[in-house]
Amino acid sequence: MSLIVKKFGGSSVADAGKFLSVAKIVADCYRGGCDVAVVVSAPGDTTDDLLERAAEVNPKASRREMDVLLTTGEQMSIALLAMAIEKEGCPVISLLGWQAGFQTDSNYGAARIKKIDADRLRAELDKRNIVVVAGFQGLNKYDDLTTFGRGGSDTSAVALAAALNADRCQIYTDVDGVYTADPRKVKNAKKLDEITYDEMLELATLGAQVLNNRSVEMAKKYNIEIEVLSSVTGAPGTLVREVANMEKMLVRGVTKDVNCARITLIEVPDVPGIAFKVFSRLAAKKINVDIILQSIGRNNTKDIAFTISKENAETAVNTLKESFEEIKNIKCDDNIAKVSVVGAGMETHPGAAAKMFEALYDQNINIQMISTSEIKISVLIDAGDADKAVQSIHDKFLGD
Ligand code: ADP
Ligand code: ASP
Ligand code: MG
């Protein structure tokens, strides 16, 4: 008998009607003879609403208490979905993350799964129960609730598929697959039939919200094939997997990330060790640095600019001000966006960068920073130009 893991995102369970439709998809699969484990996110905008409510009470609330609050969204969903499945006449049981055996580290708000103790899950599946599991949450070694970071239910689903050795992992959402760009924003975006782990990982990390990047990282590690598909149309979706002979497209997708800030350290001493000291201070604060640019030294000084995510900007600036007397001038700009193209074919075909820069020039968009890897090129531009840039680059590489 096949074991299928299905995950439904918040948009797929935004109201009662949607819970009933999801229950039907799950029940049909179960009645077709499969064992089914379902991971579900909080309904609609619940997580955003909870964040707003917390901010009204205490904008500096501890991360532990934030996690106690945020896990309630998914708790609501598992109960409602289990009720809807009961109505379909199928045996079902809902489980919170900890009941399903999700053990995590103690990094509240961005916890990593250490282990899934799947005994309870397996026992329920052996009884031919449908199991509905709360996504995005687990328990740490102090028996405290933890969450995995925004979009973390995707990771719950892939981890569950790995732990249960499932035959399929299906991620249902409000679009019918992974597209060459966000289909809600970019004209002529095309659905991809398949995409490699590495390409999907880059797209997800660089802003394509459709899958959480940690879920893709985990899928690659455990060789779990993911299908991304619509919870409404039932049409075949996109397969995320490793296929030896998959055609290497020059550009598989275009994406943007507006959640970034640029910090510039102006006229820092041009001496050995300064970069080491700056970036190790940031690492100690668990701040991830992305693009780094350093100017040529002049008059014994140089400038260092780098990007980080917006939520870390204030901490980064304060940390650097407190730690380095010798850095007098620190600028922070968060009115910027990173626009990227991703494609495995770039490794072997020259010219992708020139073509991307031409698309930006066509729109008179100024490039502030550039970074490349084997399969991606990213540029930093004004936030206000981001949508225009994505459309222009998409037209250039992937237009009809
Ligand atoms: P869920 O609630 O199911 O987790 P998300 O909102 O997290 O759904 O992700 C789905 C959304 O991702 C889509 O509505 C779409 O606007 C956005 N998106 C961004 N980039 C892409 C892309 N390349 N392909 C498909 N969807 C994308
Ligand atoms: N509910 C969480 C969020 O909105 C987790 C998820 O949807 O994957 O980020
Ligand atoms: Mg999501």
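For the structure, see preceding data.
Residues numbered from 1 in each chain as written. Chains lettered and ligands numbered in written order. Predicted model: local features only at pLDDT ≥ 70, side-chain atom pairs only at ≥ 80, totals over all residues. Heavy atoms only, no water.

> Lay out the site of ligand 2 with the relevant residues and their values.
Taken together, Ser41, Ala42, Thr47, Glu74, Phe136, Arg150, Gly151, Gly152 and Ser153 are the residues near ligand 2. With respect to ligand 2, the side chain of Thr47 contributes an N or O atom lying 2.8 Å from a nitrogen atom. Here ligand 2 loses 87% of its free accessible area of 260 Å² to cover by the protein chains. Among the residues making up the shell around ligand 2, the classes are represented as 2 nonpolar, 5 polar and 2 charged. (Near = heavy atom within 4 Å. Polar contact = N/O pair within 3.5 Å; in protein donor to acceptor, adjacent residues only side chain to side chain. Areas by Shrake-Rupley, 256 points an atom, 1.4 Å probe, with all protein chains shown as cover. Nonpolar A, V, L, I, M, F, W, Y, C, P; charged D, E, K, R; others polar.)

> Residue-level account of the site of ligand 1, with values.
The environment of ligand 1 is formed by 18 residues, the closest being Thr173, Asp174, Tyr179, Asp182 and Arg184. Between ligand 1 and Asp174 there is a distance of 2.8 Å, counted from an oxygen atom to a side-chain nitrogen or oxygen. Interatomic distance of 3.0 Å between a side-chain N/O atom of Gln209 and an oxygen atom of ligand 1. Here ligand 1, which alone exposes 570 Å², has 87% of that area covered by the protein. Considered class by class, the residues forming the shell around ligand 1 number 8 nonpolar, 6 polar and 4 charged.

> Which residues make up the side chain of Ser215, and what values go with them?
Secondary-structure assignment places Ser215 in helix α7 (residues 213–222). With relative accessibility at 0%, the residue Ser215 sits in the buried group. Discounting residues that sit within four places of it in the chain, Ser215 has contacts with Asp154, Thr155, Val158 and Ile226. (Helix = DSSP H or I, 4+ residues; strand = E, 2+ residues; numbered from the N terminus. Buried < 20%, exposed > 50% of the residue type's maximum accessible area, 1.4 Å probe, protein only. Contact = heavy atoms within 4.5 Å.)

> Pulling in residues and values, what's your account of the packing of helix α8 (residues 274–284) against helix α9 (residues 313–323)?
Axis separation between α8 and α9 bottoms out at 10 Å; the angle between their running directions is 130 degrees. On the basis of the axis angle, α8 is oblique to α9. For the element pair α8 and α9, the recorded crossing hand is right-handed. Contact residues: Val278, Arg281 and Leu282 in α8; Ala316, Thr319, Leu320 and Ser323 in α9. Split by residue class, the contact of α8 with α9 holds 4 nonpolar, 2 polar and 1 charged. (Axes fitted to C-alpha atoms, helices over the stretch in contact; angles between N-to-C directions. Parallel < 35°, antiparallel > 145°, perpendicular 65-115°, else oblique. Left-handed = near helix turned anticlockwise from the far one by under 90°.)

Function cannot be read off these values alone, since they describe shape.
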